[in-house]
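# Commentary on secondary and tertiary structure
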Amino acid sequence: LTDLAENDLRVIFDTFDSGETARDVLIDTLPRLVNLYGSAAATLGADWYDEMRALAEVSGRFSAIPAGLPDAGRTESLARWGVSPLFGPTPDFATSLTKVAGGLQMVIANVDRLTVQQSSIADRRARGWSRAGSGKCDFCQMLIGRGTVYTEATADFEAHDHCGCVAVPEFI
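Residues numbered from 1 in each chain as written. Predicted model: local features only at pLDDT ≥ 70, side-chain atom pairs only at ≥ 80, totals over all residues. Heavy atoms only, no water.

### Some words on a nonpolar patch on the surface
- A grouping of L1, L4 and L44 is seen on the molecular surface, where their side chains present a nonpolar patch of about 260 Å² in accessible area.
- Residue placement: L1 occurs in the segment before α1 (2–13). (Patch = residues over 30% accessible without salt bridge, like charges linked within 9 Å, V, L, I, M, F, W, Y side chains within 5 Å. Areas by Shrake-Rupley, 256 points an atom, 1.4 Å probe, with all protein chains shown as cover. Salt bridge = Lys/Arg side-chain N within 4 Å of Asp/Glu carboxyl O. Helix = DSSP H or I, 4+ residues; strand = E, 2+ residues; numbered from the N terminus.)

### Remarks on the nonpolar core
- Core analysis: the biggest nonpolar cluster contains 25 residues, and L9, F13, L26, L30, L33 and L104 have the highest contact counts within it.
- Listed by contribution, the elements that provide at least two residues to this core are α1, α2 (19–55), α3 (72–82) and α4 (93–122).
- Ranked by residue count, the leading element in this core is α2, at eight residues.
- Not counting chain neighbours up to four residues away, the residues in contact with L26 comprise L9, F13, F16, P31, A79, V83 and V100. (Core = buried A, V, L, I, M, F, W, Y, C linked by side-chain atoms within 4.5 Å. Buried < 20%, exposed > 50% of the residue type's maximum accessible area, 1.4 Å probe, protein only. Contact = heavy atoms within 4.5 Å.)

### Re the packing of aromatic side chains
- Tallied over the entire structure, the rule returns five aromatic pairs.
- Residues F13 and F16 carry aromatic rings whose centres are separated by 4.9 Å and whose planes lie at 65° to one another, so their mutual orientation is edge-to-face. A single burial state applies to F13 and to F16, both of which are buried.
- Here the aromatic cluster, defined as three or more aromatic residues joined through ring pairs, consists of Y49, F62 and F171.
- The aromatic ring of W81 is capped on one face by K99, whose charged end is 4.3 Å from the ring centroid. (Phe/Tyr/Trp six-rings, centres within 6.5 Å; stacked < 30°, edge-to-face > 60°. Lys NZ or Arg CZ within 6 Å of the ring centre and 35° of its normal.)

### Quick look at the packing of α2 against α3
- The contact between α2 and α3 brings their axes to 8 Å, and the two run at 140°. Our classification of the angle between α2 and α3 gives oblique. Considering the relative orientation of α2 and α3, their crossing is right-handed. Here α2 contributes R23, L26, I27, L30, P31 and V34 to the contact with α3, which in turn contributes T75, E76, L78, A79 and R80.
- A per-class count over the contact of α2 with α3 returns seven nonpolar, one polar and three charged. (Axes fitted to C-alpha atoms, helices over the stretch in contact; angles between N-to-C directions. Parallel < 35°, antiparallel > 145°, perpendicular 65-115°, else oblique. Left-handed = near helix turned anticlockwise from the far one by under 90°. Nonpolar A, V, L, I, M, F, W, Y, C, P; charged D, E, K, R; others polar.)

### A look at the packing of α1 against α4
- Direction vectors running N to C along α1 and α4 enclose 150°, while the axes themselves pass 10 Å from each other. Considering only the axes of α1 and α4, their crossing is right-handed. Across the interface between the two elements, T2, A5, E6, L9, R10 and F13 from α1 touch F93, S96, L97, V100, A101, L104, Q105, I108 and A109 from α4.

### Some remarks on α1
- For α1, built from twelve residues, the straight-helix expectation of 16 Å at 1.5 Å per residue is met to within 8% by its first-to-last C-alpha distance of 16 Å.
- Close packing links the buried residues of α1 with α2 and α4. (Expected span 1.5 Å × (residues − 1).)

### Notes on the environment of S120
- Within the element layout of this structure, S120 appears in helix α4.
- C-alpha of S120 to C-alpha of T151: the two residues are 31 residues apart in sequence and 8.0 Å apart in space.
- Setting aside residues up to four positions removed in sequence, S120 forms contacts with Y49, A126, G128, W129 and P169.
- In terms of polar contacts, S120 uses its side chain to reach the backbone carbonyl oxygen of Q117, at 3.0 Å. (Polar contact = N/O pair within 3.5 Å; in protein donor to acceptor, adjacent residues only side chain to side chain.)

Shape is all these values report; function is a separate question.
This is how it looks when you write it as structure tokens:
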């Protein structure tokens, strides 16, 4: 999903001729991309949670809770931050695209992660959630290496742009 969103973003970026245009179009378009791909991420995350629960042969009934989408303020902030390289003496469209694409990926992936987190906290047959991924950076490698199972709703899933880590439900 995040690759599809980035492809859409690249198509949109090819139409920009100025920082102002980029900012205005992104403020309008990013919420739509997050709505489309974030909603799909929530649905897929909930379906995956339910499948993992079934594979673990957990007794009792529970349906995963799809996470809500971030408010428009999140995408507006991303748009304004992401286009900052376009307002220098030499507009840098490549850097701007990288910044916006990374932020968009994180926003969409966080909807999936939050779906698993919230569901594993609400599910009485779950112990919580853990972090999994390839650990391509030191930060993620360190967190994955802890093997911690988070059980509190207040435990945040710390992520960065282009982070490929996921939340995994842990069952009793």
